[in-house]
Amino acid sequence: MNAGTYDVVIVGSGIVGAACALECAQQKLRVAVLDHDTVGGGATAAGMGHIVVMDDSEAQFSLTRYSQQLWQELRPELPDDVEYTQCGTIWVAADDEEMSEVHRKAAYYGRHGVPAQILSAEELENLEPNLQKGLAGGLIVPEDGVLYPPCAARFLIEKAQNHGALLQLGAPVSGIGNGRVRRADGTEISAGIIVNAAGAWAWELTRGISVKKRKGHLVITDRYPGFVSHQLVELGYLKSAHSHNADSVAFNVQPRRTGQVLIGSSRQYGAEHKEVDHDILARMLQRAQQYMPGLAQTSAIRVWTGFRAATPDKLPLIGPCAEDSTVYLATGHEGLGITTSLASARLLVDQILGSTSAISREPYLPARVTTLEHAHV
Amino acid sequence: MSSLQKQFDVLVVGGGPAGIAAAISASECGARVGVVDDNFALGGQIWRGEHAKSDSKASAWLQRVNATAIEFVPGVRIIDQPKANVLRGEGPSGCIDILYRKLILATGARERFLPFPGWTLQNVMGAGALQALVKGGLPIRGKRVVVAGTGPLLLAVAAYLHKA
Amino acid sequence: MSEQISVLVNGAPCIVAKGTTAAVAMLIAGAECRASVTSEPRGPLCGMGICFECRAEIDGIAHRRSCQIVCESGMEIRTDV
């Protein structure tokens, strides 16, 4: 890759960086993407690939809904190996308290035009016979889906390259700022705008941003076609995702196209190493078996971990840094990176070009967070 | 959900000739010894099915095992080491945690397969695999067998199959 | 000398010598253990429980390594081919 100025240099080729690259390239910006490893090698490769509308806050809802719609528009172009399946999500309620949450969500989605249907205990059982008997019911959101993230990131990058974007892999970046990107080999590239889309590593390039690693575990089974048909998430998941300190697990399973079952989820702060934590893995699997006892008879073929990039208010950082107008952030997506990647890219590029956005950008602006410092080039 | 637990002074992983010899030595020195193996019988790969015969070298060793207090933990595959001095295995009754002071690994060898077009076809298998299957009851009389290669294991397998 | 027992391979009875493994029972019955992701028939490769090519459903539990399981009278072996 030669020196010379790019309009935009993106650090990170995960799903968010890849989406940003495509958006930039389609807007005729001269863009380069750098990654220290392979395309989508971080959280993108480790996660569940769930495309889900979430309503923890208005801002989270706006972003996830907008982005889900962008995925639906992109769907016809997605190659087969992206495995896009609109299987829907069923939020599972274990008791009456969670059932009232079902009603609240149903009303919220109804007001916002998201198709959703309340399921009685019997209807839930009919849709997912392998769920534990005695659950209270659930909410089905049929427009949610799943895909295979590494192939999705690769598709977005390749499409960006077809529009002229440059990709350099195996290229670690040691510093960004003031319109320059310094690579680990000492060379520098000039850029009008630098986008920090480095996910769990974003804080290394932009010091002081409130992005912390939040470790997760996943297990994939051998093939059991028909064992589960929808992405199933317990409503207690929200308590897990909300927790700021404690290690937590929540029931979360997903059917893959092969008939394999993907089982999650866990959240831990402060765990820096990627080795499997057997205690939390056991808790996660026990939780899963409480909801689907049949999982105990399945054969697990692989367990792995990944690091989500988490912010304190559970919203990503999308937009310019306060102290350096040449650095933009596109990170901090926690467990919603796949879902919100396309909308994040739109909002980012709208800001770069000064265009209006389909939704308000305010809630995701990095400036909302008070302290920002970054590694000077 | 609690798992089974066992405890030994010396745990030997692998019940083939090496594991058997190690276990007997340790046991004859007074240690409380356990031998764990994925297979349901002692003997590993090379002595598969030997317990059925009464006059082989293998059966002599197996009789020595029987004369000791060695505990054989059959059908358990070690899957993890959750903490120091504990191995976790998976067996017919679920998970089992085996505690030990000393560990001897006698897990033996496995065939290293070279992929080639056709290696996934039915009835194409490793040489050791065919021997294991024949010992597992596969009738071979009157069948045509091609043994590809001439390493020492292959010659031994060919000799075995010829007699079987 | 060996005693004979009867197992079921895909519902059909198969007589085998005691001590025979489930993988061998399938071979004797002429059944393929499983299908690959591209629908090719597959059977045992290593014979010792490490390659996982011999997976079959045994007594209702799927994906068991049949070369490591000794037949018992009435055992139900099902292949997905």
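Just so you know, these numbers come straight off a predicted model, no measurement behind them.

Basis of the calculations
- Residues numbered from 1 in each chain as written.
- Chains lettered and ligands numbered in written order.
- Predicted model: local features only at pLDDT ≥ 70, side-chain atom pairs only at ≥ 80, totals over all residues.
- Helix = DSSP H or I, 4+ residues; strand = E, 2+ residues; numbered from the N terminus.
- Rg over C-alpha atoms; globule rule 2.2 N^0.38 Å.
- Buried ≥ 20, exposed ≤ 12 C-beta atoms within 10 Å, placed from the backbone.
- Contact = placed C-beta atoms within 7 Å.
- Nonpolar A, V, L, I, M, F, W, Y, C, P; charged D, E, K, R; others polar.
- Pairing = 2+ DSSP bridges.
- Axes fitted to C-alpha atoms, helices over the stretch in contact; angles between N-to-C directions.
- pLDDT = per-residue confidence, 0-100.
- Core = buried A, V, L, I, M, F, W, Y, C linked by C-beta atoms within 7 Å.
- Domains from an automatic or database assignment.
- Left-handed = near helix turned anticlockwise from the far one by under 90°.
- Expected span 1.5 Å × (residues − 1).
- Bend = angle between axes of the 7 residues up to and from the residue.

A closer look at the overall build of chain C
Right, so step 1: Along chain C, the regular secondary structure elements total one helix and seven strands.
Right, so step 2: Listed N to C, the secondary structure of chain C is β-β-α-β-β-β-β-β in terms of helices and strands.
Right, so step 3: The C-alpha radius of gyration computed for chain C amounts to 12 Å, which stays within 12% of the reference 12 Å derived for 81 residues, consistent with globular compactness.
Right, so step 4: Judged by the C-alpha coordinates and their principal axes, chain C covers about 40 × 25 × 20 Å.
Right, so step 5: Counting every position in chain C, which comprises 81 residues, the buried fraction comes to 47%.

Observations concerning the overall build of chain B
Right, so step 1: What chain B contains, in helices and strands, is four helices and six strands.
Right, so step 2: Order of helices (α) and strands (β) in chain B, N terminus to C terminus: β-α-β-α-β-β-β-β-α-α.
Right, so step 3: Judged by the C-alpha coordinates and their principal axes, chain B covers about 50 × 35 × 25 Å.
Right, so step 4: Split into buried and exposed, the 164 residues of chain B put 31% on the buried side.

Let's talk about the interface of chain B and chain C
Right, so step 1: Contacts between the two partners involve 19 residues from chain B and, on the opposite side, 23 residues from chain C.
Right, so step 2: Looking at the side of chain B that touches chain C residue by residue, the class counts come to eight nonpolar, eight polar and three charged.

A few points about the environment of Ala26 of chain B
All names here are of chain B.
Right, so step 1: Tracing the chain through its elements places Ala26 in helix α1 (residues 17–28).
Right, so step 2: The exposure class of Ala26 is buried, given the 23 C-beta atoms found within 10 Å.
Right, so step 3: The spacing of Ala26 and Asn66 is 40 residues in sequence and 14 Å in space, taken between C-alpha atoms.
Right, so step 4: Filtering out sequence-adjacent residues up to four positions away, Ala26 remains in contact with Val10, Ala31 and Val33.

Side note on the sheet that holds strand β5 (residues 117–120) of chain A
Residue and element names in this part refer to chain A.
Right, so step 1: Overall, mixed pairing links the eight strands, which are arranged β5-β6-β4-β13-β14-β15-β12-β16 in an open sheet. Every interior strand has two partners, whereas the edge strands, β5 and β16 (300–310), have only one. Strand-to-strand twist across the sheet, computed as the mean angle between neighbouring axes with direction ignored, equals 25°.
Right, so step 2: Where strand β4 (residues 89–93) and strand β6 (residues 137–141) come together, five bridges link them in antiparallel fashion.

A short note on the confidence of the model for chain B
Right, so step 1: Averaged over all residues, the pLDDT of chain B equals 91, while 96% of them reach at least 70.
Right, so step 2: Confidence, read as mean pLDDT per element, is least for helix α4 (residues 152–163) of chain B in chain B (88) and greatest for strand β2 (residues 33–36) of chain B (98).

Some words on the interface of chain A and chain C
Right, so step 1: Listed per partner, the contact involves five residues of chain A and four residues of chain C.
Right, so step 2: Tallied by class, residues from the side of chain A that touches chain C come to one nonpolar, three polar and one charged.

What about the pairing of strand β5 (residues 55–58) of chain C?
Residue and element names in this part refer to chain C.
Right, so step 1: In terms of strand pairing, β5 meets strand β6 (residues 61–65) through three bridges, oriented antiparallel. The residue bridging Ile58 from the neighbouring strand is Ile61, located in β6.
Right, so step 2: Hairpin remark: β5 followed by β6, antiparallel, with two residues in the connecting loop; positive phi at Asp59, about 50°.
Right, so step 3: In terms of strand pairing, β5 meets strand β7 (residues 76–78) through two bridges, oriented antiparallel. For Ile58, the partnering residue across the bridge sits in β7 and is Ile77.

Considerations on the sheet that holds β5 of chain C
Residues and elements named next belong to chain C.
Right, so step 1: Pairing in this open sheet of five strands is mixed, and the strands run β2-β1-β7-β5-β6 from one edge to the other. A single partner strand is all that each edge strand has here, and the edge strands are β2 (12–17) and β6. Averaged over all adjacent pairs, the angle separating strand axes in this sheet is 40°, with direction ignored.
Right, so step 2: Where helix α1 (residues 22–29) meets the sheet, it contacts β1 (4–9), β2, β5 and β7, and its direction lies at approximately 120° from that of β2.

Brief notes about the nonpolar core
Right, so step 1: Membership of the largest hydrophobic core comes to 121 residues, with the highest contact counts inside it found for Val8, Val9, Val11, Cys20, Ala21, Val31 and Val195 of chain A.
Right, so step 2: The greatest single-element share of this core, amounting to nine residues, is contributed by helix α1 (residues 15–26) of chain A.
Right, so step 3: Each of domain 1 (5–47 + 149–211 + 313–368) and domain 2 (86–143 + 212–310) of chain A accounts for three or more of the residues forming this core.
Right, so step 4: Met125, Ala127 and Val134 of chain B together with Ile58 of chain C belong to the second largest nonpolar core, which has 32 residues in total.

A closer look at the packing of α1 of chain B against helix α2 (residues 57–66) of chain B
All names here are of chain B.
Right, so step 1: Packing of α1 against α2 leaves a shortest axis separation of 10 Å and a crossing angle of 35°. The handedness of the crossing between α1 and α2 is left-handed. Residues Pro17, Ile20, Ala23 and Ile24 of α1 form the contact with α2, whose participating residues are Trp61, Arg64 and Val65.
Right, so step 2: Its residues assigned to classes, the contact of α1 with α2 comprises six nonpolar, no polar and one charged.

Regarding helix α10 (residues 337–353) of chain A
Residue and element names in this part refer to chain A.
Right, so step 1: With 17 residues, α10 extends 23 Å between its outermost C-alpha atoms, agreeing within 8% with the 24 Å of an ideal straight helix rising 1.5 Å per residue.
Right, so step 2: Remark: the principal bend of α10, roughly 30°, maps to Ala343.
Right, so step 3: The buried fraction of α10 amounts to 14 of the 17 residues, a majority that puts the element mostly inside the structure.
Right, so step 4: Of the residues trailing α10, Gly354 is marked for its positive phi of about 75°.

Section: unusual backbone geometry
Right, so step 1: A cis amide bond, omega 0°, links Gly264 of chain A with the succeeding residue Ser265 of chain A.
Right, so step 2: As for its position among the elements, Ser265 of chain A is in strand β15 (residues 260–269).
Right, so step 3: A positive phi angle, close to 65°, is found at Asn85 of chain B, a residue other than glycine.
Right, so step 4: Inspection of the secondary structure assignment puts Asn85 of chain B in the loop between β4 (77–83) and β5 (86–91).

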